[in-house]
Amino acid sequence: MPQNKQATAARLTRRSAILGLAGTALAGATLRSPPGARADFNLELEPPLRSRTRASGIRYGCAGAAPIVQPDRILLEKFAIEANIFSPEGALKWIQTEPLPGKFDFAEGDSIAAFAARNDMLMHGHTLVWYTANPDWVANLRTGQAAQAALERHINVEVSHYRRKIWAWDVVNEAIEPDDRLAEDYRDSVWLRCLGAGYIDLAFRLTRAVDPQVPLCLSEYGIEYVGPKPRRRRAALLALLRKLREQNTPVDCLSLQSHLEAHQTFDRAELTGFLREVVKLGYHLMITELDVNDCRIGGSPDQRDRATARHLAEYLDIVFAVAKPLSIATWGLSDRSTWLRQYWKRADGSPLRPLPLDADLKRKPMWAVLARYLAGQERQPT
Ligand code: G3I
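Scoring rules and cut-offs
- Throughout, a residue's number is its position along its own chain's written sequence, starting from 1.
- Under the rules for a predicted model, residues below a pLDDT of 70 receive no local features and side-chain atom pairs below 80 are neither given nor counted, while totals for whole chains, interfaces and linings still include all residues.
- Side-chain calculation: all heavy atoms of the structure are included, whereas hydrogens and water are not.
- Only DSSP runs of H or I reaching four residues or more are called helices, and only runs of E reaching two or more are called strands; each is numbered from the N terminus.
- Only protein chains enter the area calculation, which uses a 1.4 Å probe; residues under 20% of their type maximum are buried, those over 50% are exposed, and those in between are partly exposed.
- Here a polar contact is recorded for every N or O atom pair within 3.5 Å, except that within protein the pair must consist of a potential hydrogen donor and a potential acceptor, and residues adjacent in sequence are included only if both atoms are side-chain atoms.
- By the convention used here, residues are in contact when the closest approach between their heavy atoms is within 4.5 Å.
- Note on definitions: salt bridges are taken to be side-chain nitrogens of Lys or Arg within 4 Å of carboxyl oxygens of Asp or Glu.
- Classification of ring pairs uses Phe, Tyr and Trp, with its six-membered ring standing for Trp, and accepts pairs whose centres are within 6.5 Å; under 30 degrees between planes counts as stacked, over 60 as edge-to-face, and the remaining range as tilted.
- Any Lys NZ or Arg CZ that is within 6 Å of a ring centre and within 35 degrees of that ring's normal is treated as a charge sitting over the ring.

**Considerations on the side chain of Thr338**
Okay, step 1: Relative to the helices and strands, Thr338 resides in the loop between β9 (327–330) and α13 (340–343).
Okay, step 2: Since its relative accessible area comes to 12%, Thr338 is described here as buried.
Okay, step 3: For Thr338, the side chain forms a polar contact with the main-chain nitrogen of Leu340, separated by 3.1 Å.
Okay, step 4: When neighbours within four sequence positions are excluded, Thr338 is seen to be in contact with Pro354 and Leu355.

**Things to note about the pattern of salt bridges**
Okay, step 1: Under the definition given, this model contains 27 salt bridges.
Okay, step 2: Its salt-bridge partner being Asp72, residue Arg336 comes within 2.9 Å of it at the nearest N-O pair. In this pair, Arg336 is assigned in the loop between β9 and α13 and Asp72 in the loop between β1 (59–64) and α3 (73–82), connecting sequence segments 264 residues apart.
Okay, step 3: The partner of Lys243 in a salt bridge is Glu184, and the shortest N-O contact between them spans 3.9 Å. Of this pair, Lys243 sits in helix α10 (residues 228–246) while Glu184 sits in the loop between β4 (166–173) and α8 (190–195); the two residues are 59 residues apart in sequence, bridging distant segments of the chain.
Okay, step 4: Each of the salt bridges in this network shares a partner with another, and the network as a whole consists of Glu177, Asp179, Arg187, Glu220, Lys229 and Arg233.

**Points about the packing of aromatic side chains**
Okay, step 1: Throughout the structure, instances matching the rule amount to 11 aromatic pairs.
Okay, step 2: With a centroid separation of 5.0 Å and an interplanar angle of 25°, the aromatic rings of Tyr225 and Phe266 are classed as stacked. On the criterion of sequence distance, the pair formed by Tyr225 in the loop between β5 (216–220) and α10 and Phe266 in the loop between β7 (259–261) and α11 (268–280) is long-range, its members being 41 residues apart. For the residue pair Tyr225 and Phe266, the accessibility class agrees, reading buried in each case.
Okay, step 3: One aromatic cluster in this structure is built from Phe79, Phe86 and Phe115.
Okay, step 4: In this arrangement the basic side chain of Arg187 is found over the ring face of Tyr131, its NZ or CZ atom lying 4.0 Å from the centre.
Okay, step 5: For the cation-ring pair, Arg233 lies above Tyr221, with the distance from its terminal atom to the ring centre recorded as 4.3 Å.

And the structure:
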């Protein structure tokens, strides 16, 4: 078989494997009609998000810290009730897993793998190669030879360690940054400086060699809205995805991080066009880090929650009209714990409300939107 056909056949086999996995019956209550129809609908009585995925095959995940460093038992219990994928928020990043050359530490990642296995969840592999969250010894690599040796060892050891425990790997995270003003809008990083843009292809090939089965993803953010910067990011990302296909680089999925901002305006036409091209190139879509920042939304908590839910529905409508993603994962589950609080403050000083459960772990309108789309009750693809 010619190389390209072989690669396509392998992708299709992995696709059936993914969809088969996603379609298996999951623990949880029976499906009922989606919430939101009546004003007095009690979301708390609805079956959990993970049970909604049975009909559609779309999985629901959420990101969190490792159980051994985040002993919020009630929150963890909610993870297991609602989600069937656990995305480690930091436990698999280089700074955590190989803090010194050749000295691997999988304690946090393993505690997530064990928690996921106990609760019939899959584990998302986030992430192998990134420009940040690297230990100093990696940030200080200076030659191509040293960088390649480090990359080879890291990927070999980490991917072997988690073989058959990870359902998909974000192999390369955030390779694009127009603000860095480099050729083809690649992001400046130790990898780009030492190895050139070929580091992306290399990372995927190394990962595929260690685990031929697991779907491999390129993860990116900042492509949803109107304006010159998102437009440039979409163009650069599409060019990269095209190049990776031409090179026969083993990439299966695009991880749409989907860090949304409720005050922004989607570029519906351009985002749709971008996603269509991505799907045409043969990539699957995953939504991997969803949250809806309400930093600049006024009104009461209830009004803000309705605004973020509307914003999310608009986004999912755009994505689902092109292709159903394999999964939707939120970056966190409850407003009590979100990375956004480190960087964004509301003018009124009140805490952000970007996630499906509020700080008291009560379901919000955003939860209801997720329930509807996870059940596959969105509009049909056009
Ligand atoms: O673990 C140390 C702790 O020992 C130390 O005392 C404390 C003091 O600051 O810092 C702790 O590390 C922090 C770590 O999160 C764990 O909480 C780091 O400073 C902090 O930078 C790190 O932030 C994470 C960030 O990635 C960088 O790794 C965020 O939690 C995490 O949500 C964020 O996730 C990224 C995705 O990987 C990629 N896409 C964007 C997304 C949001 O930025």
